[in-house]
Amino acid sequence: MSDTSWEKFGHFPPPEKPWDRFCWTQYSDHGPGLELLSTGPGKRVLDLGMGKGDNLAHVAGTGASAVGVDISARQVDAARERFGDVIEAHHTRAGEYLTGREAEFDSVYSVFGAVWFTDPAVLLPLVRRALKPGGRFVFSHLPPCGECPGPHEHDMYGPDDELLAVTRWCFRHYRWAQMLLDAGFTTAGGQRLPCPKGKQTIGTLIVEATA
């Protein structure tokens with residue numbers, strides 16, 4: 001393992017998905033890792049939609065100040081129980097947390113998280129203002145299917161098994177890049193990462209930008 005060790009967090013319950021590294025996809029040990037972000041001692045990093053905190057714990061393992069937000073109280077409670085000594089977890093919406101923050105973070109990221117479920121016209125300018133000059137913004141989600149990428153309504157189950165109607169903003173990498181540049185980022189681009197051999201899925205879209 002390149003960035004940290006789970007032995008460091010041995011007094012926490014083992015993760016349900018015991019990734020041995022930071023993951024941008026739904027598969028352990030697949031694709032890039034923390035090298036896409038600016039981490040390490042003295043750095044401040046924000047996870048938008050941290051879930052139960054697995055990736056954020058790896059960020060903390062580099063010596064960075066690791067901050068996460070999630071809309072699910074259950075996920076936030078789980079993250080605090082497992083990694084509360086090394087991460088800062090907030091129960092709130094991404095946009096609400098980011099409002100009013102300027103030049104505070106060295107990196108902001110989202111893995112199948114808030115960027116997928118928040119209107120980019122609202123979220124992207126907030127992320128840009130929250131990043132320090134030269135800061136990194138990276139996120140991933142499933143690539144759009146069919147010929148009509150964009151915001152679409154989906155049904156999904158919530159933490160209490162209730163059926164929820166949610167909107168997902170799915171765009172191809174060049175559309176994300178243009179929206180990021182329009183929001184004030186200096187560079188932006190992305191790629192579709194194929195799934196591991198033998199897996200039946202459409203892969204993962206990874207988008208990177210620099211403030």
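Residue numbers restart at each chain and count upward from 1, following the sequence in its written direction. Predicted model: local features are reported for residues with pLDDT of at least 70 only, side-chain atom pairs are reported and counted for 80 or more only, and whole-chain, interface and lining totals are derived from all residues. Hydrogens are left out, water is left out, and the side-chain values use all remaining heavy atoms of the structure.

A.B. asks: Looking at this structure, how should I read the packing of aromatic side chains?
C.D. replies: The relation between two aromatic rings is expressed through the spacing of the ring centres and the mutual angle of the planes. Aromatic pairing here means that ring centres of Phe, Tyr or Trp (its six-membered ring) are within 6.5 Å. Orientation follows from the plane angle: under 30 degrees is stacked, over 60 is edge-to-face, and everything else is tilted. Taken as a whole, this structure holds nine aromatic pairs when the rule is applied. Ring geometry for F139 against W176: centres 4.8 Å apart, planes inclined by 70°, an arrangement best described as edge-to-face. One end of the pair, F139, is in strand β5 (residues 131-141); the other, W176, is in helix α6 (residues 173-182), and 37 residues separate them in sequence. The burial state of F139 is the same as that of W176; both residues are buried. Here a helix means four or more residues in a row that DSSP labels H or I, a strand means two or more in a row labelled E, and each is numbered from the N terminus. Residue burial is assigned from relative accessible area. The probe radius is 1.4 Å, only protein chains are included, and a residue is buried under 20% of its type maximum, exposed over 50%, and partly exposed in between.

A.B. asks: Teacher, can you tell me more about the sheet that holds β5 here?
C.D. replies: Either a parallel or an antiparallel arrangement is found when strands of a sheet pair, and the pairing is made through backbone hydrogen bonds. One requirement defines pairing of two strands: DSSP has to find at least two bridges between them. Spatially, β3-β2-β1-β4-β5-β9-β8 is the arrangement adopted by the seven strands of the open sheet, whose pairing is mixed. Edge positions in the sheet fall to β3 (87-91) and β8 (187-193), since each of these pairs with one other strand and no more. Averaged over all pairs of adjacent strands, the angle between strand axes in this sheet comes to 15°, irrespective of strand direction. Throughout, a residue-residue contact means that at least one pair of heavy atoms, one from each residue, lies within 4.5 Å. Interaxial angles span 0 to 180 degrees and are taken between N-to-C directions of axes, which are lines fitted to C-alpha atoms, for helices over the stretch in contact. Sitting on the sheet, helix α2 (residues 73-83) is in contact with β2 (65-70) and β3, with an inclination near 165° to β3. In the packing of α6 onto the sheet, contacts are made with β5, β8 and β9 (204-210), and the angle to β8 comes to roughly 160°.

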